[in-house]
Amino acid sequence: MGIAMADGQITTEVGGRRLKLGNLDKILYPGTETTKGEVLHYYTQVAQPLLAVLADRPATRIRWPHGVSDLSFFEKNLPPGAPSWLSRVALPSSGSRGTGDEVVYPVIGELAELMYLVNLASLEFHVPQWRLVDDQPVAPDRLVIDLDPGAPAGLTECAQLALIVRDRLADIGLDRCVPVTSGSKGMQVYAALDGSQSSVAVRDAARELAQQLTREHPNLVVWKMTKSKRPGKVLLDWSQNTAAKTTIAPYSLRGKDRPTAAAPRTWNEIEDGARAPDMLQQILFDDVIERLQQHGDLFADGLAPHD
């Protein structure tokens, strides 16, 4: 139960942790007048499946302190002033955004940790395809194929390619797959791995698949990021499997004009979307909550071992 404070903050207890949540009426999505309080509510509603996605993975965030119509910034390091109970891991810096030789990432494992970061206007959560064991990265437990359309291509073309990717992955024994509309322009197809291959091996296999599908479907697929080659086609981005790369976490919000979210979908939806233009759309956060109630956790179910 929250208690109103004189400075406009709310102090509440989450999982035994005391949190101060402020500026709940602040509008973060001007296009829909969605407030910070509504964003916090969304994340409490999707916390169970989202925390399962984030578990044991270093989390990169994108923050919009003044809402999505203003500036944003990537944040890898744990924010200054973070409470001592917020789980963390120090890993070698892998790029120019690192500060020094190490980056101290949050590792979000409980609701209070998630709420603390969302309260800082962290709208997007991005994670790698590998987990941490004893604070050390291990081999990836999932493969991700990121499908990024070049206008005028859109979700219809992404859905057509997603079905091709699903069938091709099944041919090599990766039949536990789940599609996720990204909340932005395109979508991802995830496949469960057994953890026996390195990130380098998985990345190389994804690149080979992208090259093969580009040869077989030259009017639909492109595997290189060269912008001049992308109009009307879908970039099959194999590079998201590189150990240093992260992908938007399923159930995370996106910092777009409207509060869309990365949403797991059924294959029936993808098949319908591949047949008819505009049948497949990105999903708003309220609809994600309704879908959880209707379908359960499609992401976990899609990657779970078959009976």
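Residues numbered from 1 in each chain as written. Predicted model: local features only at pLDDT ≥ 70, side-chain atom pairs only at ≥ 80, totals over all residues. Heavy atoms only, no water.

The name given to the chain in an unreviewed UniProt entry is Non-homologous end-joining DNA ligase, with the source organism recorded as Flexivirga alba.

Enquirer: Whenever I open this one, helix α6 (residues 267-275) confuses me. Can you help?
Expert: Counting along an α-helix, one turn takes 3.6 residues, and residues three or four places apart therefore face a common direction. When we look at burial in α6, the residues that qualify are Trp267, Glu269, Ile270, Gly273 and Ala274. Down the axis of α6, the buried set is contained in an arc of 155 degrees. They therefore lie on one face. Exposed side chains of α6 directed beyond 90 degrees from the buried face belong to Asn268 and Arg275. Those residues of α6 that are buried are in contact with α4 (155-171), β14 (177-181), β15 (187-192) and α7 (285-295). (Buried < 20%, exposed > 50% of the residue type's maximum accessible area, 1.4 Å probe, protein only. Helix = DSSP H or I, 4+ residues; strand = E, 2+ residues; numbered from the N terminus. Arc of directions from axis to C-beta. Contact = heavy atoms within 4.5 Å.)

Enquirer: Help me understand the sheet that holds strand β17 (residues 234-237), please; the structure alone is not making it clear to me.
Expert: Neighbouring strands of a sheet are bound in pairs by backbone hydrogen bonds; such pairs are parallel or else antiparallel. The strand order across the open sheet built from six strands is β16-β17-β13-β15-β14-β20, with neighbouring strands paired in mixed fashion. What marks the edges here is a single partner per strand, and that holds for β16 (221-222) and β20 (263-264). Looking at chain direction, strand β13 (residues 142-149) and β17 are connected through four bridges and run antiparallel. Opposite Asp148, over in β17, you have Leu235 as the bridge partner. (Pairing = 2+ DSSP bridges.)

Enquirer: Just checking my understanding: could you explain the packing of helix α1 (residues 36-45) against α7 for this structure?
Expert: Their axes nearest at 10 Å, the elements α1 and α7 cross at an angle of 20 degrees. Comparing the axis directions of α1 and α7 gives the class roughly parallel. Judged by the twist between their axes, the crossing of α1 over α7 is left-handed. Note on element contacts: α7 touches α1 through Phe285, Val288, Ile289 and Leu292, opposite Glu38, Tyr42 and Gln45. (Axes fitted to C-alpha atoms, helices over the stretch in contact; angles between N-to-C directions. Parallel < 35°, antiparallel > 145°, perpendicular 65-115°, else oblique. Left-handed = near helix turned anticlockwise from the far one by under 90°.)

Enquirer: How should I be thinking about the pairing of β13 in this particular structure?
Expert: The two faces of the sheet receive side chains in turn, since in a regular strand these alternate between them. Most of β13 sits inside the fold, with eight of its eight residues counted as buried. The sheet contact formed by β13 and β15 spans six bridges and is antiparallel. Following the sheet pairing, Ile145 is matched in β15 by Val189.

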